[in-house]
Number of protein chains: 2
Amino acid sequence: MDRKKTIETISEVNQTVLIKGWVHNRRNMGKIVFLDLRDRWGIVQVVAVPSELDQASNDLLKDIRPEFVLSITGVVQKRGDKQINKDLATGTVEILAKKIEVLSTADTPPFEIDNEERQANEELRLKYRYLDLRHERMKHNLVIRDQVISFFRNYLHTQDFIEIQTPILSKSTPEGARDYLVPSRLHPGQFFALPQAPQQYKQLLMVAGMDRYFQVAPCFRDEDARSDRSPGEFYQLDMEMSFVSQEDILDLVEKMFIAMVKEVFPHKKITQEPWPRLDYDEVMKKYKTDKPDLRKDKNDVDELAFAWVINFPLFTKQTDEDKFIGAGKTWGPTHNMFTAPQEKDLAFLDKDPSKVKSYQHDLILNGFEVGGGAIRIHDMKVQEKIWELIGFSKEQKEQFKHYFEAFKYGVPPHGGIAPGIDRLLMVLLGEKNLKEVTAFPLTSDGRDPMMESPSTVGQEQLDELHLQIKKK
Amino acid sequence: MDRKKTIETISEVNQTVLIKGWVHNRRNMGKIVFLDLRDRWGIVQVVAVPSELDQASNDLLKDIRPEFVLSITGVVQKRGDKQINKDLATGTVEILAKKIEVLSTADTPPFEIDNEERQANEELRLKYRYLDLRHERMKHNLVIRDQVISFFRNYLHTQDFIEIQTPILSKSTPEGARDYLVPSRLHPGQFFALPQAPQQYKQLLMVAGMDRYFQVAPCFRDEDARSDRSPGEFYQLDMEMSFVSQEDILDLVEKMFIAMVKEVFPHKKITQEPWPRLDYDEVMKKYKTDKPDLRKDKNDVDELAFAWVINFPLFTKQTDEDKFIGAGKTWGPTHNMFTAPQEKDLAFLDKDPSKVKSYQHDLILNGFEVGGGAIRIHDMKVQEKIWELIGFSKEQKEQFKHYFEAFKYGVPPHGGIAPGIDRLLMVLLGEKNLKEVTAFPLTSDGRDPMMESPSTVGQEQLDELHLQIKKK
């Protein structure tokens, strides 16, 4: 007999079914034992009555504990009116067990899976992440994560976008945050870097004529963690388009997000449509932040206040806390050194850079920035001017030689955006931390207590990579 | 006026259209200039007649060369019967230009984009990959790659699979090939490793109760390149299922692949359905290889001979060329140390390990292995026995402590497979090298001549990572 694949679909009374799953809990009522059996899709109550079971099953029954994996053959029967559980999809029925097999035993878990108090101990939760993920909320978060990503992919395909995988073994360039490095074995003393974002690749794909590109792209920044910033890796919905205006980009993303909310979160309501377009100067004056929470009711987790912030200054004065790595003393790019200045302000590049507005657009949601992008510079003369103002040295420009070279061969005007998938999900799911929407996150100090990584490696491995650890 | 988004759809005679794209070529016929304009979707002939153009356009016209990016407003007109080009989707029409703007100029490319002889110089092609990708065949390969991956994703979602992203900053373990390492800044002397495959994560997701998982997963092996093995990174369609038999896995994958071929490659024919299931011993006796090319006509690139190879030996004698890293002297796992032995052979584990057959399954296609997988061990006692036979030391076992721990808490029987996406596409697209189906591949000696990576990094970066380069 084949397994009844999803427990939630059990309903046909008097049918004999084979189900497999985990013991969610066990209750003894005299000689009768009630087991709730759980699989990915649901939970069903199993009634084990000694007289209905074969001898082998009866022998096993007494030892069965929570989180054992069982195979149960039984008959679906209606529950009495008083036993109906409206919280369960299968709450009107139960399975009268005929045969029970133990597929795998289980020790007592280090925390109660069903108890949200386990959240207090992050270290333990991450060490036993495979148990933590058994909790309904965590499973739900991963299921919704997949649904949101799938929705975006399918939507973008209907809009003629192509998904292209760009390299993860990439190049270290002075682009803002700190790179993770990967030493090369074949080229002694040289390193790959994990991409902070596929920014240059996506622009080069525009040069290649791909026109409409996207990627659910892993990104890596070796930065200290915050609740809304993962240490290590995170994902963004990286998008780039050719021959578009800023308005085209905002319009496409806004339509896509509204359609996604309607499909995946039909119970949520969007505060204002079309989304407000906020001028950076005005928003700063009014809210003292460039990511204000625009919900009518700030406590309503089912309210979604999306907005665009535009007309950012192209340059920001460098400060010690927010210093653009590799740049000079005065001006850093407010967002990204490839962002185009607005045409009307080009003359200010020489006269007063602080007055130049950019084609940057930030997407904000309930007080979080959930995406940023821009129309890019497609004229190398403008790019060189920007680098000059940032204070790039000859050596630093040299690191972008390929970019300079590419821009000689016919560059389409282009722009894009990169919504952060993890942060977006955190807000949509009403979670307070990115770790709740990631299958296997690192701890805040950048460790995986489950795998015990990072870890020391053998001397032989280091020798092959031409490296040695520096003594303190 | 909005851009006519895809050039290939131009057809309505007398309509005024705005098109944007690259000059594919230019032909002068006296005063009349013919320009083929190219975008991602197609090519259309533009006729530039001086009397039809405004003065600014006429002034620009003489300087326009191949690979310039233009914006052209013009009227669609029918071509004369003799001018019809049946090879072009737009071959019955042409655009009579009214206004031409240059969006971007272009130097003469370092190779003729339309000429396949550029293939001779891999270094140059990869250095100017953004130009190489402008070739119709390369663009087509990326489009098909996306279609194949999308097909798999959508198919697996209909089968109740969930896609989950597993960590790329992972742990170094002795699993076969050489790891890429990523030094940790926060934990001096310690390293992450890039995953050779998400093998352990997917098994832990089964322990977590996810039941049906997949991921289009980036994988990393620091191995020397071959035409059918990428240096650096590659992608696999990583899949794992709980409560399944080997037959369930083969059946699902076979149905999915047949449906994919029918949809994305309707002109290709599959040699035999259902696919042959070949016994490893027999296939080796008959063909002297475990991946025979079973096409009826070995020269037919549109023939697809899929087959399964099963009943592999669990162990292989270690050789110097194919040594299982970290193992002892005698036995290495034929495929993967988590592969389950067939129940009927369990007794041979003690008596004669060479006689133990495994639940490994390899998917072969036209002489290539395009995927492998297995039913996994879900009983830690069996796993320990395998490690003992492989000759794992205490220290090596210690690196799998987490795995050992996880297996205490209710492990479902599970198994999976991981078709290699790049290699599969190479065969399906009739290409001879993986680089033809990858957007930005590394050279065979592991470099990216475009980005010039790997590269040296600053002393400050090394200091932060507590590393120094070893002097020779």
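Here the structure is shown first, and the text comes after it.
Residues numbered from 1 in each chain as written. Chains lettered and ligands numbered in written order. Predicted model: local features only at pLDDT ≥ 70, side-chain atom pairs only at ≥ 80, totals over all residues. Heavy atoms only, no water.

Novice: Can you help me understand the overall build of chain A in this one?
Specialist: Assigned secondary structure in chain A consists of 13 helices and 20 strands. Oriented by its inertia axes, the alpha-carbon framework of chain A measures out at about 90 × 60 × 40 Å. Within chain A, buried positions represent 60% of all 472 residues. A separation threshold of at least 6 residues defines the contact pool for chain A, and within that pool the share at least 24 residues apart is 66%. Within chain A, one finds 67 positive and 75 negative side-chain charges whose respective centroids are separated by 1 Å. (Helix = DSSP H or I, 4+ residues; strand = E, 2+ residues; numbered from the N terminus. Buried < 20%, exposed > 50% of the residue type's maximum accessible area, 1.4 Å probe, protein only. Contact = heavy atoms within 4.5 Å. Lys, Arg positive; Asp, Glu negative; His and termini not counted. Charge placed at Lys NZ, Arg CZ, Asp CG, Glu CD.)

Novice: What's the story with the relation of the copies chain A and chain B in this structure? I'm lost.
Specialist: Both copies of the chain are tied together by a single rotation about an axis and a shift running along it. Of the two same-sequence chains, chain A is brought onto chain B (RMSD 0.0 Å, axial shift 0.0 Å) by a rotation of 180 degrees. A rotation of that kind, with that shift, is consistent with a two-fold axis. Comparing contact sets, 100% of the residues at the interface of chain A also lie at the interface in chain B, consistent with an isologous, same-surface contact. (Least-squares fit on C-alpha atoms with pLDDT ≥ 70 in both.)

Novice: Explain the sheet that holds strand S19 (residues 414–417) of chain B here, please?
Specialist: Hydrogen bonds between backbone atoms are what pair the strands of a sheet, whose relative direction is either parallel or antiparallel. Residues and elements named next belong to chain B. With respect to topology, 8 strands assemble into an open sheet ordered S6-S9-S10-S19-S18-S17-S14-S12, the strand pairing being mixed. Each having just a single partner strand, strand S6 (162–163) and strand S12 (277–279) make up the two edges of the open sheet. Note that S12 and strand S14 (residues 306–310) share 3 bridges and pair parallel. Within the sheet, the bridge partner assigned to Leu-278 lies in S14 and is Val-309. Running over the sheet, helix H6 (residues 246–264) touches strand S9 (212–221), strand S10 (232–242), S12, S14, strand S17 (360–365), strand S18 (368–375) and S19 and is turned about 165 degrees from S14. (Pairing = 2+ DSSP bridges. Axes fitted to C-alpha atoms, helices over the stretch in contact; angles between N-to-C directions.)

Novice: I tried to follow the side chain of Thr90(A) on my own but got confused; where do I start?
Specialist: Of note, Thr90(A) is situated in the loop between strand S4 (69–78) and strand S5 (93–104). Ignoring anything within four residues of it in the chain, the contact list for Thr90(A) reads Ile7(A), Glu8(A), Ile10(A), Ile43(A), Val44(A) and Arg79(A).

Novice: Got a minute to help me understand the environment of Arg38(B) in this structure?
Specialist: All names here are of chain B. Mapped onto the elements of the fold, Arg-38 is located in strand S2 (residues 32–38). A sequence separation of 269 residues divides Arg-38 from Ala-307, and the C-alpha atoms of the two residues are 41 Å apart. Residues within four places of Arg-38 in sequence aside, it is in contact with Ile-7, Gly-21, Trp-22, His-24, Ile-43, Glu-67 and Arg-134. Looking at Arg-38, its side chain comes within polar contact range of the side chain of Glu-67, at 2.9 Å. (Polar contact = N/O pair within 3.5 Å; in protein donor to acceptor, adjacent residues only side chain to side chain.)

Novice: What is the right way to look at the interface of chain A and chain B in this model?
Specialist: It is common to give the size of an interface as the accessible area that goes away when the parts come together. Tallying the contact residues gives 119 residues for chain A and 119 residues for chain B. Summed over both partners, the interface of chain A with chain B comes to about 10900 Å²; 60% of that surface belongs to carbon and sulfur atoms. The largest per-residue losses of area from chain A upon contact with chain B belong to Phe243(A), Tyr409(A) and Met451(A), which jointly make up 7% of the total buried on that side. Taken together, chain A and chain B are joined by 14 salt bridges. In this structure, Glu464(B) engages Arg178(A) in a salt bridge whose closest nitrogen and oxygen atoms are separated by 3.0 Å. Across the side of chain A that touches chain B, the residue classes tally to 55 nonpolar, 31 polar and 33 charged. Here strand S20 (residues 467–469) of chain A pairs with strand S20 (residues 467–469) of chain B via 3 bridges, running antiparallel. Bridge pairing links Ile469(A) to Leu467(B) in S20(B). (Buried area = accessible area lost by both parts, 1.4 Å probe. Salt bridge = Lys/Arg side-chain N within 4 Å of Asp/Glu carboxyl O. Nonpolar A, V, L, I, M, F, W, Y, C, P; charged D, E, K, R; others polar.)

Novice: Teacher, can you tell me more about the packing of aromatic side chains here?
Specialist: Aromatic ring pairs: the centre-centre distance and the angle between the two ring planes describe each pair. Summed over all chains, the structure comprises 36 aromatic pairs over all chains. Where Tyr128(A) meets Tyr409(B), the ring centres are 5.9 Å apart and the plane angle is 85 degrees; that geometry is what we call edge-to-face. With Tyr128(A) in the loop between helix H2 (122–127) and helix H3 (129–132) and Tyr409(B) in the loop between helix H11 (401–406) and S19, the pair connects residues from two separate chains. In terms of burial, Tyr128(A) and Tyr409(B) fall into one category: buried. Three or more aromatic residues joined by ring pairs form one cluster here, namely Phe338(A), Trp387(A), Phe392(A), Phe400(A), Tyr403(A) and Phe407(A). Lys351(B) extends its terminal NZ or CZ atom over the ring of Phe348(B), reaching a point 5.4 Å from the ring centre. (Phe/Tyr/Trp six-rings, centres within 6.5 Å; stacked < 30°, edge-to-face > 60°. Lys NZ or Arg CZ within 6 Å of the ring centre and 35° of its normal.)

Novice: Can you help me understand helix H12 (residues 421–428) of chain B in this one?
Specialist: Because an α-helix completes one turn every 3.6 residues, residues spaced three or four positions apart along the sequence face the same direction. All names here are of chain B. Most of H12 is tucked away: 8 of the 8 residues are buried. Every buried residue of H12 is listed here: Ile-421, Asp-422, Arg-423, Leu-424, Leu-425, Met-426, Val-427 and Leu-428. Just downstream of H12, Gly-430 is the residue with a positive phi angle, here 65 degrees.

Novice: Would you mind showing me how to read the nonpolar core here?
Specialist: A general feature of soluble globular proteins is that nonpolar side chains tend to end up buried together. Counting 193 residues, the largest nonpolar core has Met239(A), Met260(A), Met239(B) and Met260(B) as its most contacted members. Beyond its immediate chain neighbours, meaning those up to four positions away, Met239(A) contacts Leu156(A), Phe161(A), Lys202(A), Tyr213(A), Phe214(A), Leu252(A), Val253(A), Met256(A), Arg376(A), Gly416(A) and Ile417(A). (Core = buried A, V, L, I, M, F, W, Y, C linked by side-chain atoms within 4.5 Å.)

Novice: Looking at this structure, I do not really get the pairing of S10(B). What am I missing?
Specialist: Two faces make up the sheet, and in a regular strand the side chains alternate between them. Residue and element names in this part refer to chain B. For S10, the tally of buried residues reaches 11 of 11 residues, placing the bulk of the element in the interior. With 10 bridges joining them, S9 and S10 adopt antiparallel strand pairing. Across the sheet, the residue bridging to Cys-219 is Phe-234, located in S10. Pairing of S10 with S19 involves 4 bridges; the strand directions are antiparallel. Bridge pairing in S19 links Glu-240 to Gly-416.

Novice: Looking at this structure, how should I read the packing of helix H4 (residues 136–158) of chain B against H12(B)?
Specialist: A pair of packed helices can be characterised by two numbers: the angle between their axes and the separation between those axes. All names here are of chain B. Running from N to C, H4 and H12 cross one another at 120 degrees; their axes reach a closest spacing of 11 Å. Regarding the angle of H4 to H12, the classification is oblique. Along this stretch, H4 crosses H12, giving a crossing that reads as right-handed. Counted together, Ile-144, Arg-145, Val-148, Ile-149 and Phe-152 of H4 and Ile-421, Asp-422, Leu-424 and Leu-425 of H12 form the full contact between these two elements. Here the residues of the contact of H4 with H12 are counted per class, giving 7 nonpolar, no polar and 2 charged. (Parallel < 35°, antiparallel > 145°, perpendicular 65-115°, else oblique. Left-handed = near helix turned anticlockwise from the far one by under 90°.)

Novice: Honestly, the state of the cysteines in this entry has me stumped. Any pointers?
Specialist: By the definition in use, this model includes 0 disulfides over all chains. With no disulfide of its own, Cys219(B) has Cys219(A) as its nearest cysteine by sulfur position, at a separation of 18 Å. (Disulfide = S-S within 2.5 Å.)

Novice: Looking at this structure, how should I read the sheet that holds strand S17 (residues 360–365) of chain A?
Specialist: Residues and elements named next belong to chain A. One open sheet accounts for 8 strands, arranged S6-S9-S10-S19-S18-S17-S14-S12; its pairing is mixed. The open sheet terminates on both sides in strands that have one partner only, identified here as strand S6 (162–163) and strand S12 (277–279). Packing of helix H4 (residues 136–158) onto the sheet brings it into contact with S6, strand S9 (212–221) and strand S10 (232–242), and relative to S9 it is tilted by some 145 degrees. Together, S9, S10, S12, strand S14 (306–310), S17, strand S18 (368–375) and strand S19 (414–417) form the strand contacts of helix H6 (residues 246–264), whose direction differs from that of S14 by roughly 165 degrees.

Novice: Hey, could you run me through the pattern of salt bridges in this one?
Specialist: Pairing between side chains of opposite charge can happen when their charged atoms approach one another. All names here are of chain A. Tallying each qualifying case throughout the model produces 82 salt bridges over all chains. Two residues, Lys-401 and Glu-398, come together in a salt bridge whose shortest N-O distance is 3.5 Å. Looking at Lys-401, the relative accessible area reads 35%, which means it is partly exposed. Residue classification places Glu-398 among the partly exposed residues on the basis of a relative accessible area of 47%.

Novice: How should I be thinking about the environment of Ser245(B) in this particular structure?
Specialist: Counting through the fold element by element, Ser245(B) comes out in the loop between S10 and H6. Taking the C-alpha atoms as reference, Ser245(B) lies 9.7 Å from Gly416(B); in sequence the two are 171 residues apart.

Novice: Explanation requested: H4(B) in the structure shown.
Specialist: Taking 1.5 Å as the rise per residue, H4(B) with 23 residues should run 33 Å; its terminal C-alpha atoms sit 33 Å apart, in good agreement. Two residues or fewer past H4(B), Asp160(B) is found with a positive phi of approximately 70 degrees. (Expected span 1.5 Å × (residues − 1).)

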